Amino acid sequence: METEEDDIAPEVTPDIIEIDTSELAKICAKHWKVHDKIKFKSNVVDDIWKNHLQQSQFALKQIILLEFTHYLELYLWPHFDPNHCTNEHIFSIALLVNEKFRQNSIGIWTIFENDTERFSKFFVKLLELLILPLNQNQIDLKIRNMLLTFLIHSFASLEIDFVRTECLKLTTIGIWTNICDERREIEINKDESRVKLWKRVQKKLNSGKEMVKNQLAFDHQFLSKMIIIFYQTMDNIIGEKIDPDSLAYCERFLEFLIDLLAQLQTRRFFNILFQDHLVIPTCSNSQLVQLLNQQMKSKNNRYKTSLFLKQFKILQFYAIFQIDDITGMPLNRQETLDRQHKKMADIQKLCFVNFKDELKEFVFASVASLETAKGFKQHFENVSDETIIEFCKHIGIRTIPLLEKQGKRYPIPFILDAIVYQLQRHPTQLELINYEPLYPDESFMFDDVTIPQNRKFTNQHCQAIPKLNIQFLTFHDYLLRNFQLYKLETAFSIRQDIEDVVLRLNPRYNPDHVAKYDQTVFGGWSRMAVPLNQLQVEDIGQPRLTEITPSYVKADITYSLDRYSPQIKSEWDSLKMHDTLFLVSLQMLPDLESQSISVKETTMSGSDFRKKFGIKHIRGCEVFQLLSDEGDPIYNFEAGKELNENGEAKIASNNRTIRVLLDTNQYHIDTKGHPKGDPYEIYGTFNVLVRRNASQNNFKSVLETIRDLMQSELVVPDWLQDVLLGYGDRYRAHYTHMENPTQTIDFGYTFLNWNHVVSSFPDKTVVPVKEKKSPELRPPFLVTFPTSDFKELQETNEDNDPKRKRNGNDEEGDVIKVKSYKFKSFIENPKMNTLPFTKAQIEAIRSGCSTGLTLIVGPPGTGKTDVAVQIISNLYLQYPNAHMLLIARSNQALNHLFEKIAGSNIKARHLLRLGHGQGELSFDSGETSWGKSGRINSFLELRLSLLSKAEELTKSLDISPDHAATCETCSYLFTNHIESRWLMFKKDVLDQKSSLEDIKTKFPFKKYFEVIKPAIFEKPKTVEELTSVIEESYKYIKEIFHELEEVRPFELLRSNKDRSNYVLVKEARIIAMTSTHASLKRRELVRLGFKYDTVVMEEAGQMLEVETFVPLLLQTHDTDLNRSPLQRVILIGDHHQLPPIVQNQALAKYSNMEQSLFARLIRLGVPKVDLDHQGRSRPTITDLFRWNYPGLKDLTFTKPEYQFSNAGFAHEYQMVNVEEYNGVGESAPRPHFIQNLGEAEYVVATYMYMRLLGYPAESIAILTTYNGQKELIYDVLNRRCAWNPLFQKPKVSTVDQFQGQQADYILLSLVRTKTVGHLRDIRRLIVALSRARLGLYVFGRCSVFKNCIDLKPSFSQLLSRPTKLHLVLDEKYGDVGRKFGSEAEKGTDHIIEDVIHMGKYVHQMTQQQIEWMKSNK
C-alpha cells in the first residue's frame, strides 16, 4: 500500500500560479531563465538572500520556489568565484543543496563534479564560516544550522569521490592534536599503525609550506572548535525558556556527532577526540538537559517527548558501540566483557602502585562491584581532589576545560562523572535489544518525535531515528538500525489502524459510571474492534536461567459479538493461533466530552489524537488458544458452533474467549514497582480489542527474525561481508575477483548457434574445441574463459611464471574455448531457447552463473526475467546438487518468474513454491500444485510411474513383476538383474568389438526399447553410432532406478509433515518464496537444516534493505567447510524506478528507509551489468524515458502489431490537455485524497471509445498517480460502463502499484492542476511512461508540467505533439491498413476539443453501436 502524501507538506508547496507570478519568478525570468543571456550580478544574490529568504525567516515556500527555478544550477554555482564571493552566495548554495536533500532529489552532487577544485574552495569557505566565534554577528544560529546541515549531507555522501576527499580531511589522526597529552600518548601507543600515522602527520606539519601547514592545522582543529561552539551554545541557554534557534542548532549538532560515530571511516579517530572532549558528561550536566528533563516531567507535557534527549540517547549508544576502532572488527558480548575486565584489572594495578593508601578498597574490589556507576563512584567519594586529578592524568581523562570561562579545572563532581562514564560497564547491544518489547505501546506509537505525522513532516529538521546510509559499523549495527526502523514503520501503520478504529467507535465520557473501567461508552462501532468484557492474567511462567523476564504470560480475553452482523461475526470467528491483536484502553474524561463531537471530521493524528481520545494504554498480544464456553481449547470457533451427536455445541452463545500470550518484556516493564506483579492501572483498564488485516500483521515474526539474527553467528560469506557493510574493494565480490572463480560455464541452450556465441564476445577470440567423438558445433555449449579474465588466476600464473608478468601477456591471451556436447536424455527432447540474448544479457548470464555477487540493472522491457530464468536453468544443468532460492517482493513477480522456470528444462519435481501466492499459479504443465502438498503428490505419482516402467522392464526380461513392487525391491532389481546384465553384455559384446548385428541381437534390453521407442536401433549405420545409442539407452534405464532411489524416502516417511520437510530440504532444488515469507519462516528453515548455494532476487530495487538481507541468512554454516554455503547472490532490479514503499515520510525521507540494498550497492560503485536493449515499447515511446538510460537501444520488432498504427488514433503517444471541468481542476474531498473529475471522465470516455473500436479490455490499463483518482475512476467506470456489456472493465491502478507490469495501451491521468506533485520524482515518471507497449495517452494540465526542468526531457517530447486528442475515423482494431509512422488519410482526422466533446462523441458512437446490434440480432 502506498502513501498518499506526495508533497511532504502540501500547505507550503507553491502552486502553478505562485510559481508564475511570484517576485522570485520575476527575478528568475529577468536574470537566469534565458540561458544564453545570463549576466551574473552579486547584488541579485544578496538581494534574494536578505529580502526574500532572511526576511521571510527562510519560509519553505520561498526556498521551494527558488529550487524550482534552478537557481543553484543556472545562477549560483556557475558564477561562484571563491576569491570574490559574498557570504550570502555561500549561504545560498548551501541552502539550495539542503533543499535538494530535503526533497530526496537524485544526482544532487553532479552539478559540482565538473569543477571539483572550485568545490574544494567553496567547502573550505563554508567550514571557515561554521567556526566563526559565536559573538560575531556575521552568522546567526539559523545560518549556522543551515551550514551544519550541508556538512551533514556531505558526510552522508562519502561515495562521491570529491566530497569524500573534503570530508575525510577533517577526521584524520591529526585531530588528536586537540586531545590532552596523556590521552594522546596512551592511544597512539596502542597500535603500531597509529604510531606510523602520527609520525607522518607530524612530518607534514613540520616540513610543509606555510600555506599547507595552515590548512592542515585548520583541518585538524575544525571538529574540536565545532564541539566548543556547541558547548557555548548550550551554556548560553539560561533560565526556564529555551531559545528555539539554540535548541535547533544543538539538536542538529547531535545529529552530526551521531553520523561521525556511525561510520567507520569517520569514527576511527574522531571517537577518541569525542571521548577526550567529554561530550557525554558535558551534555548530561548541561543546563539544557536539566531544563528539558524538568519539562518532560511536567503534567502539561505528559504526551510529549524531547528530540534533543532522544538524540542524546542515540549518541550515548554509538559512543560506546562494541567495535574495535583500530581494526574495525565487531566485538561480541564475551570480547566486550573481557576487555572491560582487563581494563578494570589494569586500573586496579595502577591504583595499587600509585594510590594504594587512598584507593585501597577500590584496588581489592571485585570487578562485578565496579560495573555500576554507583558501585564505582563510592570508592572515590572520600578521595582528595589532588589524587583524583593525578588519577585522571594516568588514565588520560581531561581535567582542563575547553572553555576558558569554566576555569582552570573542571569541578570535581564533573570529573567523577567523567571517570565513571569512561570506566563503568555499559550494557551490550544484545542486552538492550533482548529486553525491548516487540509490540509498540502507546508511548512508542504516538510519539511525534520518532514517528512524526506525515501531514506535519517537512523534512527540514533532524529526527531522533536511525539512518540507513551507505556504510554501517558492523552487521549488528546494520540489523539494529533496520530493527528499529521496521518497528517504527510498523508502529505508524498500527497507529493509523487504531486511530481509524477509535474514530469509528466514537468514545464518549459516561457521566453515570460507577467504576473506573466504565467511564467510557461508545457511540459508534467498527468491524475491526470489539468492546472488551474482561481480561484476566491466568499464568505467568518463571524466568529462564540468567533472564529476568517471565518465560511466558498468558491471559484470557472475553468479548461479545451480540451487536454484529453474521459477516462480521464470521470475520472475528476466523481468528486462529499466532494472530496478532491489540488491547486498547480508552479513558474519556469530562473535559474531553465536548471535543468528542463530530470525531469523524477530525484530521488529528499522533500525540494530539491520543490526548483527545483518552488513549491511556496499548498492548499487543498473540492468540495462543481459542476457548469454548466451558473453557476448553478448540481448533476454531466455526467448528465449535457445530452440533455434536447430543445436539450440543461447544460455542452456544455470542460470547467468545481467547487465550493470548502477552509480550513478556513489556509485562516485566509494566510490573516493575508493583509488589504483587499485577498492575491493575494498566491491564485492568483495557476496554477495546483490535484486530488488523492479516496481510499487514506479520511484523512480529519479522522483528523476531531480525532479533534472532543479532543473537546468532551470521553466515554471510567472507567475500560479501565488506561489500554489504560498504567498505573495502568494491570489486571484492565480482566474479573476476573471487578466490576460486568459475572458469568453465555450461551455457546449455543459452546460445542459438555458433554465430550467436561469437557475436556475444566481440572483444575476445572464440575458438571451437573439437574432440574425436565431438558432435558438430551446435547447442548446448560449454564455454571456458581465459585466465586473463580472473584476477586470482592471473596472479597465480604470474607467481608461478614470473616471465609472464615481465612479458605482460598470457599465452592464451583473450581466447574463449567453446565445446559442444550432447543433451543427456535421448528420449526426452530438450526445450530450446529461442531468444537471441544480447551481449549485455550474455554478460549478465555469465556473471550469474559464476560465484560472487551479480547486480543486473534492467531498464523497462530489457528482459530481466528471461535472463534470470536462463541463469537458473544453466546452474541447474551444471550443478546437479545445487539448491537455489528465488525471492521477490510480490507474489505476482515471483509467480511470473516461477511459471517461466516451470516451462524450461527443469524437472517439475525439483521446483517448490512456498507461501500463499502458490494458489495464484497457472498449471499449464499438468501439475496440480507447486506447494509442498502438490510436490508430495507429484513425487507419489512419479513413484507409481517409475514403478510401472520398472515393471515393464521386468516383463521384457522375463523376471517376476514382484521385483518392481516397491522402491526398495527395485534397488535389488537393478543390482542383481539390470546392472549385472549390462556388465556382462559390455564385457562379452561391446569390449570384443562385435559386429553391428551381434550388438543389436545381444543387447539385453532390446525388447524393452522396442516397445517404448521402436525405431531406436534402425538409424545407426556403424558400430560406433550403435554403441553410442546403446550406451544412452542404458543411461536412460539407470536414470529410472536413480529416480526411484530419490522417491524411496516417500515410502519410508509416513506423515505429510515429514514428507513436506524432506521435499524442502532434500528434493527441491529451486525454492521460491516472497521476501516476507523468508522472514516469517527463517527460524523453521534453519531448524530443518535448509541449505542453498544461490539466491536470485527479482524486484531487488523495490525491497527494503532488511527484506533483501534476511534471505541471505536462512541457513547455518557448512560444518564440513566451516563457511557459508552461499556461493552466488544475484540481485535483479532497476534503481531508476520506484523504491520500496514506506508509509511514514520521516522514515522514507530522513532515515532513507526507502533505499534498497540494490540501490545502495550501486551508489557504492559495486560492479553491475546494464541490460541495454529493450523489446517492450515502440521505439518512439521508449524515447520518452530513454534519456534516463544512457545507451539504451531497441530490439528489432517483428510482431505485426508493431508494424501498424493504433486503430482510431493519429499518434501512438500523446499528451492531452485537460482544463477545468465544471469549473474545477484538482480537488481533495478529504485531506491528501486528490481527485480530478475532468481527467477521470476523459480517460473513461477514451477507454469506451477504444472498446467500441474493438480493443480488448485486457489490453488496456488506466493508470493514475493518486489513490483518490483511482477510486474516482472506478466510480466513473461503474456509472458509465457497468450497465453495458460492450465495455467491461479495464485494469485500473496507481502508477506505484503497476510497477513491474505492462499493458498494450496505457491511459494515464496525472491529476494535478496546481503543482507537479509527486510526479516530480523522476523514478515515478519513468514507471508511468514505460508501462505501454503500443500506445500511451497522457491526460493532464500541460501548463503545470511543461515548466518543470526535472521532467523536461520527457514532457518536451510529449508537448511537441498536439495537446488535443487526435482521432482517426473509420478504423477498427485488428483491421488497420495504416502503417506505423504514416499519417492518416485526409478527411479521416478528427480533433477532440475537450472532455465534453469526447463524452458526446462516445455517446453518439455507443448509440450507433446499439442500433446496429438491434438491427443485426
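That block above? That's the structure.
A brief report on the enclosed structure follows.

1. Considerations on the nonpolar core
1) Next: Membership of the largest hydrophobic core comes to 318 residues, with the highest contact counts inside it found for F308, L853 and F1041.
2) Next: Looking at this core element by element, the count peaks at 16 residues for helix α25 (residues 475-505).
3) Next: Leaving out residues up to four positions away in the same chain, F308 has contacts with F230, M234, L247, C250, E251, L254, L288, V289 and L292.
4) Next: Judged by nonpolar contacts, the second largest core, of 47 residues, contains I745, F761, A893 and L911.

2. Focus: the environment of G1387
1) Next: Tracing the backbone shows G1387 in the loop between β28 (1366-1368) and β29 (1389-1391).
2) Next: Judged by relative accessible area, which is 69%, G1387 ranks as exposed.
3) Next: Considering only alpha carbons, one finds G1387 and V1368, 19 residues apart in sequence, at a separation of 8.9 Å.

3. Concerning the packing of α25 against helix α31 (residues 699-711)
1) Next: Viewed as axis vectors pointing N to C, α25 and α31 meet at an angle of 165°, and their least axial separation amounts to 10 Å. Taken together, α25 and α31 sit at an angle that is classed as roughly antiparallel. Relative to α31, α25 is oriented so that their crossing is left-handed. Contacts between α25 and α31 involve H476, L479, L480, N482, F483, Y486, K487, T490 and I494 from the former and F699, V702, L703, I706, R707, L709 and M710 from the latter.
2) Next: In terms of residue class, the contact of α25 with α31 is made up of 11 nonpolar, 3 polar and 2 charged.

4. Regarding a nonpolar patch on the surface
1) Next: Nonpolar side chains collect at one region of the surface, where F352, V353 and F364 lie side by side and expose about 340 Å² of accessible area between them.
2) Next: Among the secondary structure elements, F352 is positioned in helix α18 (residues 333-354).

5. Let's talk about the sheet that holds strand β27 (residues 1332-1340)
One key point about sheets: their strands pair by backbone hydrogen bonds, in either a parallel or an antiparallel sense.
1) Next: Judged by pairing direction, the sheet is parallel, and its 5 strands sit side by side in the order β23-β27-β26-β24-β25 without closing on themselves. Bordering the open sheet on either side are β23 (1213-1217) and β25 (1291-1294), each of which pairs with just one other strand. When strand polarity is set aside, the average angle formed by the axes of neighbouring strands in this sheet is 20°.
2) Next: One ladder, built from 5 bridges, connects strand β24 (residues 1260-1264) with strand β26 (residues 1303-1309); its direction is parallel. When the sheet's bridge partners are listed, I1262 is paired in β26 with L1307.

6. Some words on the packing of aromatic side chains
1) Next: Under the criterion given, the structure shown has 76 aromatic pairs.
2) Next: Ring centres 4.5 Å apart and planes at 45° place the aromatic pair F609 and F613 in the tilted group. Summarising the burial analysis for this pair, F609 and F613 share the class buried.
3) Next: Through a chain of ring-to-ring contacts, three or more aromatic side chains come together here, namely W77, F80, F101, W109, F112, F119, F122, F123, F150 and F162.
4) Next: It is R118 that lies over the ring of W77; its NZ or CZ is 4.2 Å from the centre.
5) Next: In this arrangement the basic side chain of K554 is found over the ring face of Y552, its NZ or CZ atom lying 4.9 Å from the centre.

Rules used throughout
- Residues numbered from 1 in each chain as written.
- Predicted model: local features only at pLDDT ≥ 70, side-chain atom pairs only at ≥ 80, totals over all residues.
- Heavy atoms only, no water.
- Core = buried A, V, L, I, M, F, W, Y, C linked by side-chain atoms within 4.5 Å.
- Buried < 20%, exposed > 50% of the residue type's maximum accessible area, 1.4 Å probe, protein only.
- Helix = DSSP H or I, 4+ residues; strand = E, 2+ residues; numbered from the N terminus.
- Contact = heavy atoms within 4.5 Å.
- Axes fitted to C-alpha atoms, helices over the stretch in contact; angles between N-to-C directions.
- Parallel < 35°, antiparallel > 145°, perpendicular 65-115°, else oblique.
- Left-handed = near helix turned anticlockwise from the far one by under 90°.
- Nonpolar A, V, L, I, M, F, W, Y, C, P; charged D, E, K, R; others polar.
- Patch = residues over 30% accessible without salt bridge, like charges linked within 9 Å, V, L, I, M, F, W, Y side chains within 5 Å.
- Areas by Shrake-Rupley, 256 points an atom, 1.4 Å probe, with all protein chains shown as cover.
- Salt bridge = Lys/Arg side-chain N within 4 Å of Asp/Glu carboxyl O.
- Pairing = 2+ DSSP bridges.
- Phe/Tyr/Trp six-rings, centres within 6.5 Å; stacked < 30°, edge-to-face > 60°.
- Lys NZ or Arg CZ within 6 Å of the ring centre and 35° of its normal.

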